[in-house]
Amino acid sequence: MTLVEVMVAITILLVGVLGTATMIDGANAETSKTKAREGATHLGRQILEISRSVPYRSLTAAAVEAELTARQGLADSEPGSSGHQIKSRKFAYDVAITVCSLDDPKDRLGPHDAAITFCSDTDVLPSGTPETQAKDRNPDDYRRVAVVLSWRARPGAATDTTRQTTILTNPVGGLGPSVSELALDSSHSNPITGEDTRLANFDVETDLPAAQVRWSINGAVQGSASGSGKKWTFDWPLVKADGSPAFFDGTYLVRAEAFDVEGRSGKPRSYTVEVNRIPPLAPTRVEGGRNLNGNRVDLEWQANPEPDVVGYRVYRSTDPTLLGTRVCPTLAAAESYITKPSCMDEEAPAPLSGVSLYYKVVALDRAPDRSLREGQPSAPLQVVEGNSAPTQPSGLIACTGGAPDCNDADGQPAPTGTTVLTWSASTDPDSLDAIKFYRVYRGGNTYDKRYDRLYPTVGKPLTFIDSKPENGPHDYRISAVDERFGESTLSDPVTR
């Protein structure tokens, strides 16, 4: 009986041990399969991301495989055998890559170029449609990249596969020629300097023969380049026939775009060029006069049209032929200048019998060596003495747009949330109805608190709308300014 009991116990134990071993072996097998599939998924995603680095025009299965070969850990692990194999995470994967094009019917369909491999499931023109009726000049709308990976989790196990795809959009119309090179020719340097430089010559090269190349400046088409095939040139005129600038000094974006005989374009190319031929032009429309609140002189002028102007300097003299003393700011440091086209000469001398003050304004830019450079001075402005200030504006009131009876100058409800100011007209003792404009001060009564201005319109009330009253409430004041820039005393403040 003892022997029988021992045999039965061994049998039961053996059955239990074998079941446990089988369960462990099955679990290990599933773990191995899961790791293999995770590795395949990661590898497939990596290959698809790499395919995005291939230029669209060159995107083929061979080009993607070439990219894999150039990357560590993704090269063919068995170069002697067919296909592409990659060993990763102790598993060997067979990689199959396919690339084909799709014609999207949303932009209509067109004839499929035999040089491009289209997917078997792409939309196509109905059979018998004449090519002349094709509406899509570039049917190569997308390219689909598919990656199929095959592997065995263990020797003798069944082959597992996974497939991943991505769609890449044709960025420039693929079939047209692209501009591969755009640059100034060898006779020029960047920046373009020299007052005698009247033309900037550019060379263009395309990757495919082009039928036409158009060029533009800051997005505005200027014309077509000369040339043929892959070599083209164009000239950018910087000066008009009368010698005045056709393009002011500044930084410009030059762009060239190529087209084939069907009007299809490829990828354009842009080139940033700086023009720095001459010092700034003389400022124009310089106006000003005694402010009449002390001995100060108010000045303003038309901002220069050159994009590279960095600021202005103002000079005062008693001789119209001389530049004189720098004011606004008075600091005569080499790098000092003002950026706004206005100035208040706080240190102007008091009016003196028989002596006139003259002001000149110069604009500044950066010379080719990046140092500050003054341009030509404006015509001298003579300050006319003996002016009388306008009367103080009165009756200033404020309301908030959206409230009842808070209207604009046309009697229409003012926009909600704005601040609306109204006041009574001032008069000028020197000449009736000669008020040039009204100044609006916000947050104080000093020069730096000048906020805006209002030019009066005959037949309409004096109404100013502050469309940006954020961070209020604000104190508002109004002054009247005559034709000689004589300024009245400021109105009593109103807070809104």
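Not measured: the values here are computed from a predicted model.

Definitions and cut-offs
- Residues numbered from 1 in each chain as written.
- Predicted model: local features only at pLDDT ≥ 70, side-chain atom pairs only at ≥ 80, totals over all residues.
- Heavy atoms only, no water.
- Salt bridge = Lys/Arg side-chain N within 4 Å of Asp/Glu carboxyl O.
- Helix = DSSP H or I, 4+ residues; strand = E, 2+ residues; numbered from the N terminus.
- Buried < 20%, exposed > 50% of the residue type's maximum accessible area, 1.4 Å probe, protein only.
- 1 Å grid on protein atoms, 1.4 Å probe; cavity = no way out; pocket = protein on both sides within 12 Å on 5 of 7 lines; lining within 4 Å.
- Points joined across faces, edges and corners; volume = space filled by probe spheres on them.
- Nonpolar A, V, L, I, M, F, W, Y, C, P; charged D, E, K, R; others polar.
- Pairing = 2+ DSSP bridges.
- Contact = heavy atoms within 4.5 Å.
- Polar contact = N/O pair within 3.5 Å; in protein donor to acceptor, adjacent residues only side chain to side chain.
- Disulfide = S-S within 2.5 Å.

> Would you mind going over the pattern of salt bridges with me for this structure?
A side chain with one charge may pair with a side chain of the opposite charge, provided their charged atoms come close. Enumeration over the complete set of coordinates arrives at 21 salt bridges. Of the charged contacts in the structure, one is a salt bridge between Arg370 and Glu274, with a shortest N-O distance of 3.3 Å. Pair noted here: Arg370 is in the loop between strand S18 (358-366) and strand S19 (372-374) and Glu274 is in strand S12 (residues 269-276), with a separation of 96 residues, a long-range link. Residue Arg370 is classed as partly exposed on the basis of its relative accessible area of 45%. A relative accessible area of 25% places Glu274 in the partly exposed class.

> Quick question: what am I supposed to make of the layout of surface pockets here?
Once rolled over the atoms, a probe with the size of a water molecule shows which space is left empty. What the largest pocket holds in volume is close to 490 Å³. Along the walls of the largest pocket sit 16 residues, with Glu300, Lys340, Ser342, Arg450 and Arg453 positioned nearest its centre. Counting only elements with at least two residues in the lining of the largest pocket, the list comes to strand S14 (297-302), strand S17 (342-345) and strand S24 (450-454). Broken down by class, the residue content of the lining of the largest pocket amounts to 7 nonpolar, 1 polar and 8 charged.

> Would you explain the sheet that holds S24 in this entry?
Adjacent strands of a sheet pair through backbone hydrogen bonds, lying either parallel or antiparallel. Judged by pairing direction, the sheet is antiparallel, and its 4 strands sit side by side in the order S24-S23-S26-S27 without closing on themselves. Lying at the two open borders of the sheet, with one neighbouring strand each, are S24 and strand S27 (494-495). Relative to S27, strand S26 (residues 475-482) is paired through 2 bridges, and the arrangement is antiparallel. The residue bridging Tyr476 from the neighbouring strand is Val494, located in S27.

> Is there a simple way to think about the environment of Tyr438 in this case?
Among the structural elements, Tyr438 can be located in strand S23 (residues 435-442). Assessed through its relative accessible area of 2%, Tyr438 is described here as buried. For the pair Tyr438 and Ala480, spaced 42 residues apart in sequence, the C-alpha to C-alpha distance is 4.5 Å. Not counting chain neighbours up to four residues away, the residues in contact with Tyr438 comprise Pro393, Trp423, Ala425, Ser426, Asp452, Arg453, Leu454, Pro456, Leu462, Ile478, Ser479 and Ala480. Reaching out from Tyr438, the side chain makes a polar contact with the backbone nitrogen of Ser426 at a distance of 2.9 Å.

> Help me understand the side chain of Asn387 in this model?
Within the secondary structure, Asn387 is located in the loop between strand S20 (381-382) and strand S21 (394-400). Judged by its relative accessible area of 13%, Asn387 is buried. The residues touching Asn387, leaving out its near neighbours within four places in the chain, are Leu292, Asp430, Asp482, Arg484 and Gly486.

> What should I look at first to understand unusual backbone geometry in this one?
Where the residue is not glycine, phi is negative for most of them; where a peptide bond is considered, it is trans in most cases. Here the amide bond leading from Asn190 into Pro191 is cis, since omega sits at 15°, within 30 degrees of zero. Within the secondary structure layout, Pro191 lies in the loop between strand S5 (179-184) and strand S6 (192-193). Pro473 follows Gly472 through a cis peptide bond whose omega is 5°. When you line up the elements, Pro473 lands in the loop between strand S25 (462-466) and S26. Non-glycine residue Leu292 carries a positive phi angle of around 75°. You can see Leu292 is positioned in the loop between strand S13 (284-290) and S14. When its relative accessible area of 31% is taken as the criterion, Leu292 is described as partly exposed. Although it is not a glycine, Arg370 adopts a positive phi angle of roughly 75°.

> Where do I start with the state of the cysteines in this structure?
Two cysteines, two sulfur atoms, one covalent bond between them: this is a disulfide. Summed over all chains, the structure comprises 3 disulfides. Here Cys100 is linked by a disulfide to Cys119, with a sulfur-sulfur distance of 1.8 Å. Because the sign of the S-S torsion sets the handedness, a value of about 90° for the bond joining Cys100 and Cys119 places this disulfide among the right-handed ones. Of the two residues, Cys100 sits in strand S2 (residues 91-102) while Cys119 sits in the loop between S2 and strand S3 (142-152), which places them 19 residues apart along the sequence. Among the residues examined, Cys119 registers a relative accessible area of 4% and is labelled buried. Between the sulfur atoms of Cys328 and its disulfide partner Cys343 the distance amounts to 1.7 Å. What sets the handedness of the Cys328 and Cys343 disulfide is the S-S torsion sign, and at about 55° it is right-handed. Within this pair, whereas Cys328 is found in the loop between strand S16 (325-327) and S17, its partner Cys343 is found in strand S17, the two being separated by 15 residues in sequence. The pair Cys328 / Cys343 is uniform in exposure class, with both members buried. If one numbers only the bonded cysteines of the protein, in the order they occur, the disulfide pattern is 1-2, 3-4, 5-6.

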